[in-house]
Amino acid sequence: MFIGPSAECIERMGDKASARETMMACTVPTVPGSDGICETVEEASAFAERVGYPVLIKATAGGGGKGMREVHEPADLESQFKAARAEAEAAFGNGGVYLEKLVLRPRHVEVQVLADDFGNYISLCERDCSIQRRHQKLLEEAPSPALNDEIRRAMGVAAVKAMRAVEYRNAGTVEFLLDESGSFYFMEMNTRVQVEHPVTEMVTDTDIIKEQIRIAAGEPISAADRVPFKPIGHAIEMRINAEDPDHGFRPCPGTITKLRLPGGPGVRVETYLQEGSRISPYYDSLVAKLVCHGQDREEAIARAKRALDEFVIEGIATTIPFHKRVMDDQVFVDGEATTDFIETQMGDLL
């Protein structure tokens, strides 16, 4: 039994250009973008001139930041367009790209959604994923410190509208960009459960994987009677990667010689590591997820600091020191981090 949405949903929402068109048709807010795929540099240039620079080139089949390029000046468009297409072709076997107006200094906020065969379409809670490098998320938290109740409700309604538009079933995530004025725009939909789903589980007391299995087995969502969800406290997830943050986050394969996991109230660790584990250079660098929950954001940060101090991984470099710096950074503590956080606050790491 396959646990997930239909192949049609995966294909329709997996193609970002098609997903944009679908969202526009059902009036979910979208960033101004090109009319489908741009086949030539001339088409891309015409769009950029019409909406104004900066613009963002995105692979229609993309993910993980691959096939994505920011263009701030007309002179850079041709080279970045060709680079994005080549990277997309190499990564996905599909070199198609489209353009969007680049939203400057946005927050990256996504909504966890569930849908079953009984007409239940629910949004669990949003997650703030603004701290990232090269469009790869490094830290997620829920609820987002940037949202008030009005924006939270509106974003949840938009996420459910997106699900209904494609008759979605099972778990998914609808991702948005939030600008400085409080306006939000559809970015993409992930038709699967994501690495950061434990953040939402901690603040909604919901087992998302269990709900996926129930839906696939033809049963209703057990959490449907708790809609609308109000976040229970605050949760932060830190991705522990086998990367060296002091040297530009370069990959750091090797063998784990010592491992000590943190514990205590509100601390959750998901990992496959054991002492003696070999970290390969050929796969994703994620080796553990550290999730800390508190009755409020201040307590969640305090618990994260303690857990990071207790977390010992020797034999390889990891992003544990990076996350310690984040927890001490005043911009993060104040809840004001945007997607350029590393560039503006930790430029020395790049």
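See the structure printed just above.
Below you will find a few notes about this structure. (Residues numbered from 1 in each chain as written. Predicted model: local features only at pLDDT ≥ 70, side-chain atom pairs only at ≥ 80, totals over all residues. Heavy atoms only, no water.)

## Some details on the overall build of the chain
Right, so step 1: Each helix and strand counted, the chain has 11 helices and 17 strands in total.
Right, so step 2: The long-range share in the chain, meaning contacts at least 24 apart out of those at least 6 apart in sequence, stands at 66%.
Right, so step 3: Within the structure as shown, the chain displays about 15,400 Å² of accessible surface, and the carbon and sulfur contribution to it stands at 49%.
Right, so step 4: Charge centroids of the chain, computed over 39 positive and 57 negative side chains, lie 2 Å from each other. (Helix = DSSP H or I, 4+ residues; strand = E, 2+ residues; numbered from the N terminus. Contact = heavy atoms within 4.5 Å. Areas by Shrake-Rupley, 256 points an atom, 1.4 Å probe, with all protein chains shown as cover. Lys, Arg positive; Asp, Glu negative; His and termini not counted. Charge placed at Lys NZ, Arg CZ, Asp CG, Glu CD.)

## Quick notes on the sheet that holds strand β7 (residues 170-178)
Right, so step 1: Reading across from one edge, β8-β7-β4-β5-β6-β9-β16-β14 is the order of the 8 strands in this open sheet, with antiparallel pairing throughout. Unpaired on one side and paired on the other, β8 (184-190) and β14 (267-271) mark the two borders of the sheet. Averaged over all adjacent pairs, the angle separating strand axes in this sheet is 25 degrees, with direction ignored.
Right, so step 2: Here strand β6 (residues 136-142) pairs with strand β9 (residues 234-241) via 4 bridges, running antiparallel. Note that in β9 the partner of Glu141 across the bridge is Ile236.
Right, so step 3: This element, helix α9 (residues 320-328), spans β5 (121-133), β6 and β9 of the sheet and lies at about 150 degrees to β9. (Pairing = 2+ DSSP bridges. Axes fitted to C-alpha atoms, helices over the stretch in contact; angles between N-to-C directions.)

## Quick notes on the sheet that holds strand β3 (residues 97-101)
Right, so step 1: Reading across from one edge, β2-β1-β3 is the order of the 3 strands in this open sheet, with antiparallel pairing throughout. In the strand order of this sheet, the two ends are held by β2 (68-71) and β3, each with one partner. The mean inter-strand angle of the sheet, taken between neighbouring strand axes irrespective of direction, is 20 degrees.
Right, so step 2: The pairing of strand β1 (residues 55-59) with β3 spans 5 bridges and is antiparallel.

## Remarks on the nonpolar core
Right, so step 1: The biggest cluster of nonpolar side chains holds 36 residues, and the ones touching the most others in it are Ile131, Met238, Ile313, Phe322, Val326, Met327 and Phe332.
Right, so step 2: The element contributing the most residues to this core is helix α8 (residues 297-310), with 5 residues.
Right, so step 3: Aside from chain neighbours lying at most four places away, what touches Met238 is Leu138, Leu139, Ala288, Lys289, Leu290, Cys292, Ala304, Leu308, His323 and Met327.
Right, so step 4: In this structure, Val111, Ala158, Leu178 and Phe186 belong to the second largest nonpolar core, which totals 27 residues. (Core = buried A, V, L, I, M, F, W, Y, C linked by side-chain atoms within 4.5 Å. Buried < 20%, exposed > 50% of the residue type's maximum accessible area, 1.4 Å probe, protein only.)

## A closer look at the side chain of Thr318
Right, so step 1: Looking at where Thr318 falls in the secondary structure, it is placed in the loop between β17 (312-314) and α9.
Right, so step 2: A residue is classified by how much of its surface remains accessible, and Thr318, at 7% relative accessible area, is buried.
Right, so step 3: A polar atom in the side chain of Thr318 sits 3.2 Å from the backbone nitrogen of Ile320.
Right, so step 4: Residues in contact with Thr318, not counting those within four places in the same chain, are Ile240, Asn241, Glu243, Pro245 and Ile313. (Polar contact = N/O pair within 3.5 Å; in protein donor to acceptor, adjacent residues only side chain to side chain.)

## With respect to the environment of Val291
Right, so step 1: Take Val291: it is sitting in strand β16 (residues 286-294).
Right, so step 2: Once the C-alpha coordinates of Val291 and Ala307 are considered, the two residues, 16 residues apart in sequence, prove to be 9.2 Å apart.
Right, so step 3: Once residues lying within four places of it in the same chain are set aside, the contact partners of Val291 are Pro198, Met202, Ile236, Glu237, Gly266, Val267 and Arg268.

## Focus on the packing of α8 against α9
Right, so step 1: Here α8 crosses α9 at 150 degrees, and the two axes come no closer than 10 Å. Our classification of the angle between α8 and α9 gives roughly antiparallel. For the pair α8 and α9, the sense of crossing is left-handed. In this structure, α8 uses Ile301, Ala304, Lys305, Leu308 and Asp309 to contact α9, whose residues at the interface are Ile320, His323, Lys324, Met327 and Asp328.
Right, so step 2: Among the residues forming the contact of α8 with α9, the class breakdown is 5 nonpolar, 1 polar and 4 charged. (Parallel < 35°, antiparallel > 145°, perpendicular 65-115°, else oblique. Left-handed = near helix turned anticlockwise from the far one by under 90°. Nonpolar A, V, L, I, M, F, W, Y, C, P; charged D, E, K, R; others polar.)

## Quick word on helix α4 (residues 77-92)
It helps to recall that an α-helix has 3.6 residues per turn; residues three or four apart then point in one direction.
Right, so step 1: Taking 1.5 Å of rise per residue, 16 residues should cover 22 Å, and α4 covers 22 Å from first to last C-alpha, within 8% of that figure.
Right, so step 2: Of the residues making up α4, those classed as buried are Leu77, Phe81, Ala84 and Ala88. For α4, the angular spread of the buried residues around the axis is 65 degrees, confining them to a single face.
Right, so step 3: Contact partners of the buried residues in α4: α3 (41-51), β1, β2 and β3.
Right, so step 4: Looking at the residues trailing α4, positive phi occurs at Gly93, about 70 degrees. (Expected span 1.5 Å × (residues − 1). Arc of directions from axis to C-beta.)

## What to know about unusual backbone geometry
Right, so step 1: Cis peptide bonds are those with omega within 30 degrees of zero, and the linkage from Tyr53 to Pro54 qualifies with 5 degrees.
Right, so step 2: With respect to the helices and strands, Pro54 occurs in the loop between α3 and β1.
Right, so step 3: Although it is not a glycine, His135 sits at a positive phi angle of roughly 65 degrees.
Right, so step 4: Counting through the fold element by element, His135 comes out in the loop between β5 and β6.
Right, so step 5: For Phe249, which is not a glycine, the phi torsion comes out positive at approximately 60 degrees.
Right, so step 6: Its place among the elements puts Phe249 in the loop between β10 (243-244) and β11 (250-251).
Right, so step 7: A relative accessible area of 3% means that Phe249 is categorised as buried.

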